[in-house]
Protein chains: 2
Amino acid sequence: MVPLPSDYATQSCPLARSLEIVGERWTLLIVRDLFFGVHRFGELVAHLDIPRAVLADRLASLVERGLVERRPYRSGRDEFHLTASGRDLWPVLLGLMEWGDRHCAAPGGRRRIFLHAACGSELTSAGECPACGVTPVAADVATRPGPGRDPARRDDPVSRALRRPHRLLTPLTV
Amino acid sequence: MVPLPSDYATQSCPLARSLEIVGERWTLLIVRDLFFGVHRFGELVAHLDIPRAVLADRLASLVERGLVERRPYRSGRDEFHLTASGRDLWPVLLGLMEWGDRHCAAPGGRRRIFLHAACGSELTSAGECPACGVTPVAADVATRPGPGRDPARRDDPVSRALRRPHRLLTPLTV
């Protein structure tokens, strides 16, 4: 991550510390994809159109900060998974997506919908299940495309897989 | 704001759009200070140790994107206030502060506490008032320092004023 000028280090508020870790745009898009079940380097590259060197650098930072862990899936190849502390970012990520949907509205409505996996109800913008009255953790949330039309609709394998309902934190079948 | 490479523009998810607006570390610290009632350019400079040119640039972006508005307070001088869309970022900001407090813990506990102004109860990490069962908007939230010791405690006028309980979005008396 590009460090901020040293002045920034004198901002010790928890927000400043959080931003030091996740306050970088690619980083939060990577974290979003890990929530969506995209765990392999090549899939992240294809879905995010991110330069390989930038992705490698951001993933290394996330591993070093304890938000992401590597898990070997075959000889010499690792997948990337959120740790408990990474998964704890779910309310922040949901809040940013909801804010984006309200303030940069797409024609037709929300572009992506989040559901309580246990009952299928659509979550409120605060992430609560209106039917059960609970605020599910990410592992109990599913997502599917909303009615909003996406002007920059993509057609890579991850984007296609995410057109079907999918439970967060479970590997996406690409 | 420094634009991301053009590839980034192909990420049309609401998160990508939100990050295009607020996904810059200084920007969210400025938004935090506006929530805390710091509305004048010189106070923001002193509290954030931010270079004047950077602050001017970030404020201009926030005004252009509709998150912040200028309000004249004397001839030729403007204050900066959050608009409704800027105030809507409250849950995201609270979420990031809570996450920072959990994952970069200070000795002694939380560095800052948020209260439901109507009843004085401490909000949960999800921003809910446990006594009233409501999730107050920012204008109904007050803040005071928590028990956590701040290793980089600052001593500018804004930092001193924020040692007293203060209602969000009301001008801080510096």
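What counts as what
Residues numbered from 1 in each chain as written. Chains lettered and ligands numbered in written order. Predicted model: local features only at pLDDT ≥ 70, side-chain atom pairs only at ≥ 80, totals over all residues. Core = buried A, V, L, I, M, F, W, Y, C linked by C-beta atoms within 7 Å. Buried ≥ 20, exposed ≤ 12 C-beta atoms within 10 Å, placed from the backbone. Contact = placed C-beta atoms within 7 Å. Axes fitted to C-alpha atoms, helices over the stretch in contact; angles between N-to-C directions. Helix = DSSP H or I, 4+ residues; strand = E, 2+ residues; numbered from the N terminus. Parallel < 35°, antiparallel > 145°, perpendicular 65-115°, else oblique. Nonpolar A, V, L, I, M, F, W, Y, C, P; charged D, E, K, R; others polar. Pairing = 2+ DSSP bridges. pLDDT = per-residue confidence, 0-100.

Enquirer: What is the right way to read the nonpolar core from this model?
Expert: Across soluble globular proteins, nonpolar side chains show a tendency to be buried alongside one another. Of all hydrophobic cores here, the largest spans 78 residues; its most connected members are A:F35, A:L93, B:F35 and B:L93. In this view, A:F35 contacts A:L82, A:W90, A:L93, A:A138, A:L168 and A:L169; residues no more than four positions away in its chain are not counted.

Enquirer: Whenever I open this one, the packing of helix α6 (residues 90-103) of chain A against helix α1 (residues 14-22) of chain B confuses me. Can you help?
Expert: A packed helix pair is summarised by two numbers, namely the angle formed by the two axes and the spacing between the axes. The N-to-C vectors of α6(A) and α1(B) enclose an angle of 85°; their axes lie 7 Å apart at closest approach. Of the possible angle classes, the one that applies to α6(A) and α1(B) is roughly perpendicular. Along its contact with α6(A), which presents A:L93, A:L96, A:M97, A:W99, A:G100 and A:D101, the element α1(B) presents B:P14, B:L15, B:R17 and B:S18. Among the residues forming the contact of α6(A) with α1(B), the class breakdown is six nonpolar, two polar and two charged.

Enquirer: What am I meant to see in helix α1 (residues 14-22) of chain A here?
Expert: What sets the pattern is the α-helix's 3.6 residues per turn: residues three or four places apart point alike. Most of α1(A) sits out of view: eight of its nine residues are buried. Residues of α1(A) that are buried: A:P14, A:L15, A:A16, A:R17, A:S18, A:L19, A:I21 and A:V22.

Enquirer: Where do I start with the sheet that holds strand β4 (residues 141-145) of chain B in this structure?
Expert: Strand pairing in a sheet is mediated by backbone hydrogen bonds. Such pairs are either parallel or antiparallel. Residue and element names in this part refer to chain B. Taking strand neighbours across the sheet as the criterion, the three strands line up as β3-β4-β5 in an open arrangement whose pairing is antiparallel. Edge strands, defined here as strands with exactly one partner in the open sheet, are β3 (112-116) and β5 (166-167). Summarising the sheet, β3 and β4 pair through five bridges and their orientation is antiparallel. Within β4, the residue paired with F114 across the bridge is T143.

Enquirer: What is the right way to read the confidence of the model for chain A from this model?
Expert: Low pLDDT marks regions whose predicted coordinates should not be analysed in detail. Residues and elements named next belong to chain A. Per-residue pLDDT for chain A has a mean of 87; in total, 90% of the residues score no lower than 70. When the elements of chain A are averaged for pLDDT, α1 gives the smallest value, 77, and strand β2 (residues 77-82) the largest, 95. Segment residues 1-7: pLDDT under 50, and four contacts once partners within four positions in sequence are set aside and those in other chains are kept. Model confidence for the complex is summarised by a pTM of 0.84, with the ipTM given as 0.81.

Enquirer: Hey, could you run me through the pairing of strand β1 (residues 68-74) of chain A in this one?
Expert: On any regular strand, side chains alternate: one points to one face of the sheet, the next to the other face. Residues and elements named next belong to chain A. Examined bridge by bridge, β1 and β2 share six bridges and lie antiparallel to one another. Residue pairing for β2: R74 is matched across the bridge by R77. The turn joining β1 and β2, which pair antiparallel and follow one another in sequence, is formed by two residues; a positive phi near 80° is taken by G76.

Enquirer: In this structure, what is going on with the sheet that holds strand β5 (residues 166-167) of chain A? I would like to understand it.
Expert: Judged by pairing direction, the sheet is antiparallel, and its three strands sit side by side in the order β3-β4-β5 (chain A) without closing on themselves. Looking at strand neighbours, the two that pair on one side only are β3 (112-116) and β5 of chain A, the edges of this open sheet.

Enquirer: Would you mind showing me how to read the environment of B:G109 here?
Expert: All names here are of chain B. Tracing the backbone shows G109 in the loop between α6 (90-103) and β3. Residues G109 and A161, spaced 52 residues apart in sequence, show a C-alpha to C-alpha distance of 21 Å. Apart from residues no more than four positions distant in its own chain, G109 is found in contact with G146, P147 and G148.

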